[in-house]
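Residue-level listing of the chains:
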Amino acid sequence: MIQLSDHFDYKHLLRYTFPSMIMLVFTSIYGVVDGFFVSNFAGKTPFAAVNFIMPLLMILGCVGFMFGTGGGALIAITMGAGRTEKANELFSLIIYVSAGCGVLLAVLGFLFLRPIASLMGAEGQLLEDCLTYGYIILAAIPFYVLQYEFQCLFATAGKPKLGLYVTMAAGIANILLDALFVAGFHWGIEGAAAATAVSQFVGGVLPILYFGRKNDSALRLVRCGFDGGALLKVCVNGSSELMSNISMSLVSMIYNVQLMKYAGEDGVAAYGVLMYVGMIFQAVFIGYSVGSAPVVGYHYGARNLEELRGLLKKSIVLVSVFAALMFILGQLFSVPLSRLFVGYDEGLCEMTTHAFVIFSFSFLFSGFAIFGSSFFTALGDGLVSALISFLRTLVFQCLSVLIFPVFWQLDGIWFSIVAAEIMAVGVTVLFLLGKRKKYQY
């Protein structure tokens, strides 16, 4: 069994992070299943509705990533300093508070879903489908928050494989229920939403059952007092991941508005395919970053600086290899993946394929900013991490998607994604160079 205190060569690093990568990839795949079944069995408008409203729902759920990454880093540093009891108290506090936040977010979602969807431009049947899907998912938001959170904290607890198994259980539930509800019972968008809600329940509750009793991991749920200072550190440190996910969702909303202007529902549907497949590819980078963060945090907390420097160098090499592979796969599978989702509409399929060929170039760059942001989170530098995420996912993307279409119309929207990732790499490099003396990596 690999321990956080071990020396990590390439083999150990890949073995430790691989479950997190597979876990995030699997999560993305079963998220894509909704889109596949809705598109092929319910039609183009329901498919566009899922893509249209999903960014808003993801904003609510991604609070779990803030607690998971920010809390995971603080817990790992505390464990590295030898304070095991305190680490368990922090872990428990984070879980309890995040569950309460999930309930509050669900209530707010029910109140504001319709006005926000209307403000974004949804109307008629598209609006009704957005609300149908959204209201069902909102009922499971507290579990969605916990699911996101535990995907990070399983690695911190030294149980990345168990996190993978839980994610697989949730994913298999979603896939089977999608097939039953949408393809079998023909419940359409309602069936897809119900399948997703059940899978989120599974992903949020199973970890509670595991950590709520004695186990052989490094963490378990215990009684704890309120520690406002620790929660503030968690929120500040995890703000980069929260900002990253919120920004991506906000940017997706802006993309949808721009696409409605330049290509109508077909543009939103094509962008939905890019985001679905893009989530799978990006999950490799996110999974590696999530899996390696506890290792970085532990060795930084234990002041093993030579190990810390080695982790950074090895991670840059691995991310480079992943980036090249993702780009090649994107180019090779642009046509079959487009046909998988929208092969029933030749014009839409052609638009999606063309967009995916351009979009694939973003895989060459996105992993470096994702890892860089996670690396600074693991070091406890939430401000730098948040700046990288904020610039990458909000500032650069918003500016690009608003400016590029003025000159290149629809193609400008696809190129804007690539341009934003290139600029984000530049910012990440500057921060890594600027902070190397402070953290001695």
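None of these values were measured; they are calculated from a predicted model.

Basis of the calculations
Residues numbered from 1 in each chain as written. Predicted model: local features only at pLDDT ≥ 70, side-chain atom pairs only at ≥ 80, totals over all residues. Heavy atoms only, no water. Salt bridge = Lys/Arg side-chain N within 4 Å of Asp/Glu carboxyl O. Helix = DSSP H or I, 4+ residues; strand = E, 2+ residues; numbered from the N terminus. Core = buried A, V, L, I, M, F, W, Y, C linked by side-chain atoms within 4.5 Å. Buried < 20%, exposed > 50% of the residue type's maximum accessible area, 1.4 Å probe, protein only. Contact = heavy atoms within 4.5 Å. Patch = residues over 30% accessible without salt bridge, like charges linked within 9 Å, V, L, I, M, F, W, Y side chains within 5 Å. Areas by Shrake-Rupley, 256 points an atom, 1.4 Å probe, with all protein chains shown as cover. Axes fitted to C-alpha atoms, helices over the stretch in contact; angles between N-to-C directions. Left-handed = near helix turned anticlockwise from the far one by under 90°. Nonpolar A, V, L, I, M, F, W, Y, C, P; charged D, E, K, R; others polar. Phe/Tyr/Trp six-rings, centres within 6.5 Å; stacked < 30°, edge-to-face > 60°. Lys NZ or Arg CZ within 6 Å of the ring centre and 35° of its normal. Expected span 1.5 Å × (residues − 1). Bend = angle between axes of the 7 residues up to and from the residue. Parallel < 35°, antiparallel > 145°, perpendicular 65-115°, else oblique.

Attention now moves to the pattern of salt bridges. Taken as a whole and judged by the stated rule, the model has nine salt bridges. Residue D216 is joined to K159 by a salt bridge in which the shortest nitrogen-to-oxygen separation is 3.1 Å. Pair noted here: D216 is in the loop between α8 (188-211) and α9 (228-237) and K159 is in the loop between α6 (141-156) and α7 (160-184), with a separation of 57 residues, a long-range link. Several salt bridges converge on common partners, so that one network encompasses K44, D266 and D345.

A few words on the nonpolar core. In terms of nonpolar packing, the biggest core is built from 139 residues, with Y133 and W414 touching the most fellow members. Considering each element in turn, this core owes the most residues, 19 residues, to helix α11 (residues 264-301). Excluding its chain neighbours within four sequence positions, the residues that come into contact with W414 are L259, G267, A270, Y271, L274, A355 and I358.

Together, V103, L104, V107, L108, L111 and F112 make up a nonpolar patch on the protein surface, roughly 560 Å² of accessible area in all. In this structure, L108 sits in helix α4 (residues 84-119). L108 gets classed as partly exposed once you look at its relative accessible area, which sits at 37%.

Another aspect to go through is the side chain of T78. Looking at the secondary structure, you find T78 in helix α3 (residues 63-80). Among the residues examined, T78 registers a relative accessible area of 8% and is labelled buried.

For the pair α3 and α11, the least separation of the axes is 7 Å and the interaxial angle reads 35 degrees. The handedness of the crossing between α3 and α11 is right-handed. Residues F65, A76, I77, M79 and G80 of α3 form the contact with α11, whose participating residues are V290, P294, G297, Y298 and G301. When grouped by side-chain class, the residues that make up the contact of α3 with α11 number seven nonpolar, three polar and no charged.

What follows deals with the packing of aromatic side chains. Within this structure, the stated rule accounts for 33 aromatic pairs. Measuring from ring centre to ring centre gives 5.8 Å for F110 and Y135, while their planes differ by 5 degrees; the resulting arrangement is stacked. Pair noted here: F110 is in helix α4 and Y135 is in helix α5 (residues 124-138), with a separation of 25 residues, a long-range link. Under the relative-accessibility criterion, F110 is labelled partly exposed at 39%. A connected cluster of aromatic rings, assembled from ring pairs, spans Y288, Y300, F322, F371, F375, F376, Y439 and Y441. Geometry around Y10 places K314 over its ring, the cationic atom sitting 5.9 Å from the centre.

Moving on to α11. Look at α11: 51 Å from first C-alpha to last across 38 residues, which is about the 56 Å you get at 1.5 Å a residue. At Q282, α11 shows its maximal kink, close to 35 degrees. Among the 38 residues of α11, 31 are classified as buried, and the element is accordingly described as predominantly covered. Positive phi shows up at R303, right after α11, with a value of about 60 degrees.

Further remarks concern the packing of helix α14 (residues 346-359) against helix α16 (residues 382-434). Packing of α14 against α16 brings their axes to within 8 Å, and their N-to-C directions diverge by 30 degrees. By the angle between their axes, α14 is roughly parallel relative to α16. Between α14 and α16 lies a crossing whose hand is right-handed. Contact residues: α14 offers M351, H354, A355, I358 and F359, while α16 offers L410, D411, W414, F415, I417 and V418. Taken together, the residues that form the contact of α14 with α16 break down as nine nonpolar, one polar and one charged.

Any functional reading would require information beyond the geometric quantities listed.
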